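Below are the chains, spelled out letter by letter.
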Amino acid sequence: MKTVLITGANRGLGLEVAHQLGAKGFHVLAGIRNAEAGRRAEALLRGAGIRADYVPLDMAAPDMIAAAADMIAGMAGGLDVLINNAAVHYDTHQRVGAPDFAIVEEALAINTVGAWRMTVAALPHLLRSEAPRIVNVSSESGAWSSMTGTTPAYSLSKIGLNALTRMMASEFRGDGILVNAVCPGWTATDMGGGGRPVPEGARGIVWAATLPDDGPTGGFFRDGKPIDW
Amino acid sequence: MQVPHSRFRHPFDALNSAGAEKRHQLVICCVHGHEVSRAVCGFLRDEGIDCRYLVGGFEAWREADLPVEPIDGH
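Definitions and cut-offs
- Residues numbered from 1 in each chain as written.
- Chains lettered and ligands numbered in written order.
- Predicted model: local features only at pLDDT ≥ 70, side-chain atom pairs only at ≥ 80, totals over all residues.
- Heavy atoms only, no water.
- Salt bridge = Lys/Arg side-chain N within 4 Å of Asp/Glu carboxyl O.
- Helix = DSSP H or I, 4+ residues; strand = E, 2+ residues; numbered from the N terminus.
- Buried < 20%, exposed > 50% of the residue type's maximum accessible area, 1.4 Å probe, protein only.
- Axes fitted to C-alpha atoms, helices over the stretch in contact; angles between N-to-C directions.
- Parallel < 35°, antiparallel > 145°, perpendicular 65-115°, else oblique.
- Left-handed = near helix turned anticlockwise from the far one by under 90°.
- Contact = heavy atoms within 4.5 Å.
- Phe/Tyr/Trp six-rings, centres within 6.5 Å; stacked < 30°, edge-to-face > 60°.
- Lys NZ or Arg CZ within 6 Å of the ring centre and 35° of its normal.
- Core = buried A, V, L, I, M, F, W, Y, C linked by side-chain atoms within 4.5 Å.
- Buried area = accessible area lost by both parts, 1.4 Å probe.
- Polar contact = N/O pair within 3.5 Å; in protein donor to acceptor, adjacent residues only side chain to side chain.
- Nonpolar A, V, L, I, M, F, W, Y, C, P; charged D, E, K, R; others polar.
- Expected span 1.5 Å × (residues − 1).

Novice: Before we go on, may I ask you to explain the pattern of salt bridges in this structure?
Specialist: Oppositely charged side chains can pair when the atoms bearing their charge come close. Taken as a whole and assessed by the stated rule, the structure comprises eight salt bridges over all chains. The partner of arginine 196 of chain A in a salt bridge is aspartate 223 of chain A, with the nearest N and O atoms 2.9 Å apart. Here aspartate 223 of chain A lies in the loop between strand E7 (220–222) and strand E8 (225–226) and arginine 196 of chain A lies in the loop between strand E6 (178–182) and helix H6 (198–209), a separation of 27 residues in the sequence. Given a relative accessible area of 39%, aspartate 223 of chain A falls into the partly exposed group. Connected through salt bridges with shared partners, the residues Glu36 and Arg40 of chain A together with Asp46 of chain B form a single ionic network.

Novice: Looking at this structure, how should I read the packing of helix H4 (residues 101–126) of chain A against helix H5 (residues 152–172) of chain A?
Specialist: Relative placement of two packed helices is described by the angle separating their axes and the distance separating the axes. Residues and elements named next belong to chain A. Two numbers describe how H4 lies on H5: the axes approach to 8 Å, and their chain directions differ by 20°. Considering the angle they form, H4 stands roughly parallel to H5. H5 is crossed by H4, and the crossing has right-handed handedness. Packed against H4, whose contacting residues are Ile103, Val104, Ala107, Leu108, Asn111, Thr112, Ala115, Trp116, Thr119 and Leu123, the element H5 presents Ala153, Tyr154, Leu156, Ser157, Gly160, Leu161, Leu164, Met168 and Phe172 at the interface.

Novice: How do you make sense of the packing of aromatic side chains when you look at a structure like this?
Specialist: Here the distance between the centres and the angle between the planes together describe a pair of aromatic rings. Applying the stated rule across the entire model yields three aromatic pairs over all chains. Taken together, a centroid distance of 4.9 Å and an interplanar angle of 65° make the contact between tryptophan 207 of chain A and phenylalanine 221 of chain A edge-to-face. Residue tryptophan 207 of chain A is found in helix H6, and its partner phenylalanine 221 of chain A is found in strand E7; the two are separated by 14 residues along the sequence. Lying across the ring of phenylalanine 43 of chain B, arginine 40 of chain A places its NZ or CZ 5.4 Å from the centre.

Novice: Which parts of the structure should I look at to understand the nonpolar core?
Specialist: Note on soluble globular proteins: their nonpolar side chains tend to be buried together. In this structure, Ile83 of chain A together with Leu44 of chain B are the most contacted members of the largest nonpolar core, which totals 44 residues. Looking at this core, the element that brings in the most residues is H6 of chain A, giving six residues. By size, the runner-up hydrophobic cluster in this structure holds 25 residues, among which are Leu5, Met118, Ala122 and Leu164 of chain A.

Novice: When you look at the interface of chain A and chain B in this model, what are you seeing that I'm missing?
Specialist: How big an interface is tends to be reported as the loss of accessible area on association of its parts. In this assembly, 15 residues from chain A lie in contact with 13 residues from chain B. Note on chain A versus chain B: buried area summed over both sides is about 1200 Å², and carbon and sulfur give 68% of it. For aspartate 46 of chain B, the salt bridge is made with arginine 40 of chain A, and the minimal N-O distance between the two is 2.8 Å. In this assembly, chain A and chain B are joined by two residue pairs in polar contact (both at pLDDT 80 or more). Those elements that provide at least two residues to the side of chain A that touches chain B are helix H1 (12–23), helix H2 (35–47) and H6 of chain A. With six residues, H2 of chain A is the single largest residue contributor to the side of chain A that touches chain B. Across the side of chain A that touches chain B, the residue classes break down as eight nonpolar, three polar and four charged.

Novice: Can you help me understand the packing of H1 of chain A against H6 of chain A in this one?
Specialist: Residue and element names in this part refer to chain A. It is the contact of H1 with H6, at a shortest axis distance of 9 Å, that shows an interaxial angle of 60°. One way to sum up the angle between H1 and H6 is to call them oblique. When the axes of H1 and H6 are compared, the crossing they make is right-handed. Contacts from Gly12, Leu13, Glu16, Val17, Gln20 and Leu21 of H1 reach H6 at Val198, Pro199, Gly201, Ala202, Arg203, Ile205, Val206 and Ala209. For the contact of H1 with H6, the residue count by class is nine nonpolar, three polar and two charged.

Novice: I tried to follow H6 of chain A on my own but got confused; where do I start?
Specialist: It helps to recall that an α-helix has 3.6 residues per turn; residues three or four apart then point in one direction. Taking 1.5 Å as the rise per residue, H6 of chain A with 12 residues should run 16 Å; its terminal C-alpha atoms sit 17 Å apart, in good agreement. Extensive coverage of H6 of chain A is indicated by the burial of nine of its 12 residues.

Novice: Just checking my understanding: could you explain the side chain of glutamine 20 of chain A for this structure?
Specialist: For glutamine 20 of chain A, the position within the fold is in helix H1. With near-sequence residues (within four places) excluded, glutamine 20 of chain A lies in contact with Pro199, Ala202, Arg203 and Val206 of chain A.

The structure is reproduced here in structure tokens:
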């Protein structure tokens, strides 16, 4: 049975990706900060017949990220797929000329450095997998080619995550780890506030998590199709 | 079978269509009235929806000899 760790699996895309991968037979490890939300997600996933465990995980707490990786090893005996999904501060209310730097720093700490730390913590387990995959849930708002200042903290954090995707893909290529960034599109989550149904946005993430061994690495995709960085 | 005039939703569909329900007060009913309805209710409350769950679920409803109907008219 393959295992997947999804950060930010308490709601929205993370929870739906857990649902879809669980339905494909994955053992789902749901990284969630709030204990009550974690137990809820676990109950819902198990109620749908999915093997799921809640892993306490606060992406702003480096010690917790390291502990989560060890917990995974104990719970599942390994890890095949890491989905760096947790993100905060889709800051449409901010302007580049007058930002709240506390928001900027928190967005970078969680969306970018948090994903980096999580990957480093998970790496020893991924290296033992036969088909390791890393999916960085990114956004077109982090694309250099269409960059505007409409969500400054979020965009900076996501272009950083896109850069990390390239670095990770390059460094881990020899180890057979496929690393890709996925834009789910504008999706009707609490964060997105509108857009297409959550299951549609989740499908592109599931696609990147289940790529065949000869699949792409170091790419930026939406719905399984390359998009501009 | 279901509680009359209720709408059948897969738990994940209920979460994913939460945005459309914000104007309504909801009662969530699952089979046993344990984890699933409580979990869905907790998620929907987080989304700002006025929501509660049926204690004992559909089993308790039926044991109380309350009326039932086929699921969504099927």
